[in-house]
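# Chain and residue survey
Chain residues, written in single-letter form:
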Amino acid sequence: MNLSTITEVKRPSSADEIAHWKPGYAWLAGGTWLFSEQQWSTDTLIDLDGLNWPALKASSAGLEIAATCRIAELQAFKGTADWAAIPLITECCNALLMSFKIWNMASVGGNICMSLPAGAMISLTSALEGVCTLWPRDGLPRQVPVVDFVTGNHANVLKPGELLRSIHLPATALAKRFAFRRTSLTHIGRSAALIVGTQTRNARDLLLTITAAVPRPIQIRFEKVPTANELRHAIDARIAQDGYFDDVHGSAAYKRHLTAHFSEEIRQELSGTGASR
Ligand SMILES: Cc1cc2nc3c(=O)[nH]c(=O)nc-3n(C[C@H](O)[C@H](O)[C@H](O)COP(=O)(O)OP(=O)(O)OC[C@H]3O[C@@H](n4cnc5c(N)ncnc54)[C@H](O)[C@@H]3O)c2cc1C
């Protein structure tokens, strides 16, 4: 839609060109959310496209995803044979409720900065132990784990004008095997629960990442795969009964049930005692 409040669109070739941040400014990535509703308090868009950040950089240390990387570009990434978690990228890209336009225009960084509970790029990058690099307007870059970046529904740690530059996925996390469970109330609808378990190859650990059912990602680390009882208790200890996200995409009680059910399926899959999907 036309944004009637916008009076200027800046197209910097370097983020340093935006030295002074004003209250009406907004970074523009794919624009799929920004242009989906009126932005009454925004008068200036700052287009990130001209920064020309390489979308993806793979190295022995892991995968560097530029905030401006399109979701479609990430989905097309093949990785190397020893990165067993690469198929999780496709699982999470497919978990987004999106049209052709969103698929091809929305950026990974835009999805994370939106900080919606059902933000599928948040699910992906937090499960793979991603670390965000943030560029404040008036300070040195800082690093924040994705799991700590989102602080609530549509809330995160970004300060005014702070830019999400990239997300680093460590090679150790990419090499892990994983189990994925997700559902939504409607076909291709917004996720009601998206839960991922990862496990170091030839080890017995478990890292459980709970998203969509809760306002912000919850991660529970086990040194060895827990029993069903231990898992249930650990989840209840981390998420209070009223800590589940209640919205039109599912009641809190429903999401609590899904979280317990899927987490147990993941536990069984990664302990080798259950049927693989
Ligand atoms: C019809 C529809 C359905 C949707 N369904 C889902 C869904 O199921 N799950 C889901 O997660 N999302 C959903 N979304 C939201 C979707 O996640 C966003 O539209 C998209 O991911 C945002 O990416 P973008 O690159 O287009 O961001 P933009 O629209 O350009 O920006 C989004 C916000 O992030 C800020 N921003 C963008 N990049 C940066 C950066 N690098 N640093 C700091 N701030 C930045 C912008 O200023 C803006 O506030 C839906 C949106 C629509 C319109």
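The structure under discussion appears in the preceding block.
First, a word on what this report is: a plain description of the structure on this page. (Residues numbered from 1 in each chain as written. Predicted model: local features only at pLDDT ≥ 70, side-chain atom pairs only at ≥ 80, totals over all residues. Heavy atoms only, no water.)

## Focus: the overall build of the protein
Assigned secondary structure in the protein consists of nine helices and 14 strands. The C-alpha atoms of the protein give 19 Å as radius of gyration, which agrees with the globular expectation for 277 residues (19 Å, within 12%). Overall, the protein is about 60 × 40 × 35 Å in size when its C-alpha atoms are taken along their principal axes. Burial statistics for the protein: of 277 residues in total, 52% are counted as buried. In the protein, the share of contacts with a sequence separation of at least 24, taken over all contacts with a separation of at least 6, comes to 61%. In the form shown here, the protein has an accessible surface area of approximately 13100 Å², with 53% of it arising from carbon and sulfur atoms. Placing the 27 positive and 25 negative side-chain charges of the protein at their respective mean positions leaves the two points 3 Å apart. (Helix = DSSP H or I, 4+ residues; strand = E, 2+ residues; numbered from the N terminus. Rg over C-alpha atoms; globule rule 2.2 N^0.38 Å. Buried < 20%, exposed > 50% of the residue type's maximum accessible area, 1.4 Å probe, protein only. Contact = heavy atoms within 4.5 Å. Areas by Shrake-Rupley, 256 points an atom, 1.4 Å probe, with all protein chains shown as cover. Lys, Arg positive; Asp, Glu negative; His and termini not counted. Charge placed at Lys NZ, Arg CZ, Asp CG, Glu CD.)

## Some words on the nonpolar core
Ranked by internal contacts, the top residues of the largest apolar core, which has 54 residues, are Leu74, Leu88, Val108 and Met121. Counting residues per element, this core draws most heavily on helix H5 (residues 120-127), at five residues. Those residues within four positions of methionine 121 in sequence are excluded, and the remaining contacts are Ile71, Leu74, Cys92, Cys93, Leu96, Val108, Asn111 and Ile112. Counting residues in hydrophobic clusters, the runner-up holds 23 residues, among them Phe222, Val225, Ala252 and Phe262. (Core = buried A, V, L, I, M, F, W, Y, C linked by side-chain atoms within 4.5 Å.)

## Concerning empty space enclosed by the protein
For the structure on display, the rule yields one cavity of 30 Å³ or more. If you trace the largest cavity, you find it lined by Leu116, Pro117, Ile122, Val150, Thr211, Ala212, Val214, Pro215, Arg216 and Pro217. Looking at the lining of the largest cavity, its residues break down into eight nonpolar, one polar and one charged. (1 Å grid on protein atoms, 1.4 Å probe; cavity = no way out; pocket = protein on both sides within 12 Å on 5 of 7 lines; lining within 4 Å. Points joined across faces, edges and corners; volume = space filled by probe spheres on them. Nonpolar A, V, L, I, M, F, W, Y, C, P; charged D, E, K, R; others polar.)

## Quick word on the sheet that holds strand E3 (residues 44-47)
The strand order E1-E3-E2 describes an open sheet built from three strands, whose pairing is parallel. The open sheet is flanked by strand E1 (8-10) and strand E2 (25-28), the only strands paired with a single partner. Recorded for the sheet is a direction-independent mean angle of 25° between the axes of neighbouring strands. (Pairing = 2+ DSSP bridges. Axes fitted to C-alpha atoms, helices over the stretch in contact; angles between N-to-C directions.)

## Let's talk about the layout of surface pockets
By rolling a water-sized probe across the atoms, one finds the places where empty space is left. Roughly 1200 Å³ of internal volume is contained in the largest pocket. Taken together, 45 residues make up the lining of the largest pocket; nearest its centre are Trp33, Gly110, Cys113, Met114 and His154. Top contributing element to the lining of the largest pocket by residue count: helix H4 (residues 108-114), with five residues. Per-class residue counts for the lining of the largest pocket are 26 nonpolar, 16 polar and three charged.

## A short note on the site of the ligand
In the neighbourhood of the ligand, 29 residues make up the surrounding shell, with Trp27, Gly31, Thr32, Ser107 and Asn111 lying closest. Between glycine 30 and the ligand, the recorded distance is 2.8 Å, taken from a backbone N or O atom to an oxygen atom. Between an oxygen atom of the ligand and a main-chain N or O atom of leucine 34, the distance comes to 2.9 Å. Within the complex, 88% of the 960 Å² of free accessible area of the ligand lies under protein. Breaking the shell around the ligand down by element, the ones donating at least two residues are E2, H4 and strand E10 (163-170). With four residues, H4 is the largest single contributor of residues to the shell around the ligand. (Near = heavy atom within 4 Å. Polar contact = N/O pair within 3.5 Å; in protein donor to acceptor, adjacent residues only side chain to side chain.)

## So, H5
Of all eight residues in H5, eight are buried; the element is thus mostly enclosed. Looking only at H5, the buried set comprises Ala120, Met121, Ile122, Ser123, Leu124, Thr125, Ser126 and Ala127. Glutamate 129 lies just past H5 and shows a positive phi near 55°.

## Section: the side chain of threonine 68
Relative to the assigned elements, threonine 68 resides in the loop between strand E5 (62-66) and helix H1 (71-75). Residue threonine 68 is classed as buried on the basis of its relative accessible area, which comes to 16%. Apart from residues lying up to four places away in sequence, threonine 68 is in contact with Leu48, Trp53, Glu73 and Ser107.

## Here's the deal with the sheet that holds strand E13 (residues 206-211)
Strands sit in the order E11-E12-E13-E14 across an open sheet of four strands; the sheet is antiparallel. Two strands in the sheet have a free side with no partner beyond their single neighbour: strand E11 (177-184) and strand E14 (218-222). Across the sheet, the mean angle from the axis of one strand to that of its neighbour is 10°, orientation sign disregarded. Two elements, E11 and strand E12 (residues 191-199), share eight bridges in a ladder whose sense is antiparallel. When the bridges of E12 are listed, alanine 179 appears paired with glycine 197.

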